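Geometric and topological summary
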Amino acid sequence: MDTLSYKTVSANAATVEKQWVVVDAQAAVLGRLASEVAKILRGKTKPSFTPHVDCGDNVIVINTDKIRLTGDKWDSKVYVRHTGYPGGQRISTPRLLKDKSSTILIEKAVRGMLPKNRLGRKLYGNLYVYEGSEHPHAAQQPKTITL
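Quick look at the structure, then. (Residues numbered from 1 in each chain as written. Predicted model: local features only at pLDDT ≥ 70, side-chain atom pairs only at ≥ 80, totals over all residues. Heavy atoms only, no water.)

1. Details of the pattern of salt bridges
Note the cut-off: Definition used for salt bridges: Asp or Glu carboxyl oxygen within 4 Å of a side-chain nitrogen of Lys or Arg. Only runs of H or I of at least four residues qualify as helices and only runs of E of at least two qualify as strands under DSSP, and these elements are numbered from the N terminus. When a residue's accessible area, from a 1.4 Å probe over protein chains only, is under 20% of the maximum for its type it is buried; when over 50% it is exposed; and in between it is partly exposed.
The final tally for this structure, using the stated rule, is five salt bridges. Residue E36 is joined to K39 by a salt bridge in which the shortest nitrogen-to-oxygen separation is 3.3 Å. Of this pair, E36 and K39 both sit in helix α1 (residues 30-42), three residues apart, roughly one helical turn. Residue class for K39 comes out partly exposed when judged on its relative accessible area of 37%. A salt bridge links D57 to K46; the shortest N-O distance between them is 2.8 Å. You can see D57 sitting in the loop between α1 and β2 (58-62) and its partner K46 sitting in the loop between α1 and β2, a full 11 residues away along the chain. In this structure D57 comes out as buried when scored by relative accessible area, which is 7%.

Put into structure tokens, the structure is as follows:
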């Protein structure tokens, strides 16, 4: 048996093949959609996955205004942040965030599922989220995938 057939191939920035994909968020549950999008961004769906390299695809998420949450999470789930000043704890719910922009919900969910380091910040830059069904990335010829 040839020992060269067992070589592990590690991807690098020059050998990675990045594609553009469109994900439709219509009637999708927020957390389930976000975990699949995070896997695609990370590159875990590819056989050439390398943990320390940005080998994932660019993901366009459309129709985020039609996202679903199960149960009573629209009012009971809480997003907590702090301004940095004494008494500066601020609390918001998914309903309040959706009133501002429904893209915030997807972005927060996906960002929380990416690595908390330089690679995660770079991967987050490959996510494009839009409220309607239109997006300005037609020139990249993205392929539509269903989750």
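Text resumes after the structure shown.
2. Some thoughts on the environment of I106
For clarity, the cut-off: Here, residues are in contact when the closest pair of their heavy atoms is within 4.5 Å.
Of note, I106 is situated in helix α4 (residues 103-111). A residue is classified by how much of its surface remains accessible, and I106, at 2% relative accessible area, is buried. Once you skip the residues sitting within four places of it in the chain, I106 turns out to touch L30, L33, V61, T64, I67 and V129.

3. As for the sheet that holds β2
Two pairing modes exist for strands in a sheet, parallel and antiparallel, and in both the strands are linked by backbone hydrogen bonds. Note the threshold: Paired strands, as defined in this entry, are two strands with at least two bridges between them according to DSSP. Axis angles are defined between N-to-C directions and span 0 to 180 degrees, where every axis is a line fitted to C-alpha atoms and, for a helix, only to the segment in contact.
The strand order across the open sheet formed by four strands is β5-β2-β1-β6, and the pairing between neighbours is parallel. The sheet terminates laterally at β5 (127-129) and β6 (143-145), the two strands that pair on one side only. When strand polarity is set aside, the average angle formed by the axes of neighbouring strands in this sheet is 25 degrees. As defined by bridge partners, β2 adjoins β5 across three bridges and the pair is classed as parallel. Considered in β5, the bridge of V59 is made with L127. The sheet strands contacting α1 are β1 (20-24), β2, β5 and β6, and the helix crosses β2 at an angle near 155 degrees.

4. Here's the deal with the packing of aromatic side chains
Using the following cut-off: Two aromatic rings, drawn from Phe, Tyr or Trp (for Trp, its six-membered ring), form a pair once their centres lie within 6.5 Å of each other, and the interplanar angle then sorts them: stacked below 30 degrees, edge-to-face above 60, tilted otherwise. Put simply, a charge is over a ring when the Lys NZ or the Arg CZ is close to the ring centre, within 6 Å, and near the line of the ring normal, within 35 degrees.
Counted under the stated rule, the structure contains one aromatic pair. For the pair W20 and Y128, a centre-to-centre distance of 5.3 Å together with 25 degrees between the ring planes defines the contact as stacked. A residue pair is termed long-range when its members are at least 10 positions apart, and W20 in strand β1 and Y128 in strand β5 qualify at 108 residues. If you follow R111 out to its NZ or CZ, it ends over the ring of Y124, 3.8 Å from the centre.

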